[in-house]
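# Observations on the three-dimensional arrangement
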Amino acid sequence: MERCVLNSWSEEVRAVIRYEWARGVSGTEIYNRLVEVYGPGVMSKQMVRRWCRTFSDGGQQVEDILRAGRTRTATIDANVGKMDDMIRANRRITIDEVAEEL
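Only a predicted model underlies this, so the values are computations on that prediction, with no experimental measurement involved.

Turning to the overall build of the chain, a few remarks are in order. Along the chain, the regular secondary structure elements total five helices and zero strands. Going residue by residue from the N terminus, the α and β elements of the chain occur as α-α-α-α-α. With 102 residues in all, the chain has 20% of them scored as buried. Surface accessibility of the chain: about 8300 Å² in total, with carbon and sulfur atoms responsible for 50%.

Right, let's talk about a negative patch on the surface for a bit. Together, D96, E97, E100 and E101 make up a region of like negative charge exposed at the surface. With respect to the helices and strands, the residue D96 is situated in helix α5 (residues 95-101).

Moving on: helix α2 (residues 27-38). Three or four residues apart is the spacing at which side chains of an α-helix point the same way, because the helix has 3.6 residues per turn. Its 12 residues give α2 an end-to-end C-alpha distance of 16 Å, which sits within 8% of 16 Å, the value for a rise of 1.5 Å per residue. Turning to α2, its buried residues number three or more, namely G27, I30, Y31 and L34. For α2, the buried positions fall inside an angular range of 100 degrees around the axis, keeping them on one side. Taken from the residues just after α2, G39 is the one with a positive phi, measuring 105 degrees.

Once that is clear, we can look at the environment of A15. Looking at the element boundaries, A15 is found in helix α1 (residues 2-22). A15 sits 45 residues away from Q60 along the chain, and the two C-alpha atoms are 9.5 Å apart.

Here the focus is a nonpolar patch on the surface. There is a patch of nonpolar side chains on the surface, built from M83, I87 and L102 and spanning about 220 Å² of accessible area. With respect to the helices, strands and loops of the structure, L102 is situated in the segment after α5.

Residues V13, I17, I30, L34, M43 and V48 are the most contacted members of the largest nonpolar core, which totals 13 residues. Secondary structure elements with two or more residues in this core: α1, α2 and α3 (45-56). With four residues, the single largest contributor to this core is α3. Discounting chain neighbours no more than four positions away, the residues touching L34 are V13, V16, I17, G39, V42 and V48.

Let us now look at the packing of α2 against α3. At a minimum axis separation of 9 Å, α2 and α3 run at an interaxial angle of 125 degrees. Taken together, α2 and α3 sit at an angle that is classed as oblique. Regarding α2 and α3, the two cross each other, and that crossing is right-handed. Residues G27, T28, I30, Y31 and L34 of α2 pack against K45, V48, R49 and C52 of α3. Of the residues belonging to the contact of α2 with α3, the class tally is five nonpolar, two polar and two charged.

Conventions adopted
Residues numbered from 1 in each chain as written. Predicted model: local features only at pLDDT ≥ 70, side-chain atom pairs only at ≥ 80, totals over all residues. Heavy atoms only, no water. Helix = DSSP H or I, 4+ residues; strand = E, 2+ residues; numbered from the N terminus. Buried < 20%, exposed > 50% of the residue type's maximum accessible area, 1.4 Å probe, protein only. Areas by Shrake-Rupley, 256 points an atom, 1.4 Å probe, with all protein chains shown as cover. Patch = residues over 30% accessible without salt bridge, like charges linked within 9 Å, V, L, I, M, F, W, Y side chains within 5 Å. Salt bridge = Lys/Arg side-chain N within 4 Å of Asp/Glu carboxyl O. Lys, Arg positive; Asp, Glu negative; His and termini not counted. Charge placed at Lys NZ, Arg CZ, Asp CG, Glu CD. Expected span 1.5 Å × (residues − 1). Arc of directions from axis to C-beta. Core = buried A, V, L, I, M, F, W, Y, C linked by side-chain atoms within 4.5 Å. Contact = heavy atoms within 4.5 Å. Axes fitted to C-alpha atoms, helices over the stretch in contact; angles between N-to-C directions. Parallel < 35°, antiparallel > 145°, perpendicular 65-115°, else oblique. Left-handed = near helix turned anticlockwise from the far one by under 90°. Nonpolar A, V, L, I, M, F, W, Y, C, P; charged D, E, K, R; others polar.

Right under this line is the structure:
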């Protein structure tokens, strides 16, 4: 759920950047307006300028695109317990051995 909220928020901010850029507002001014509305952690000034450049180069997409990368992982209480038991049974166990077992 958090990921969906974060993505929609990021897309909202990029849509605002695209709108303001289309109106002819400078990257620095767009950044200042974003900070005024969303707060200082919204996005770096450099990233705002990068998005303005993307739109200037003909880019239109504000949505995140799917891309290859590191797979998402999850911590499961059952695995934490198993790992703890394995380490307590053999303190010299390697990370590879734990990963293989789990």
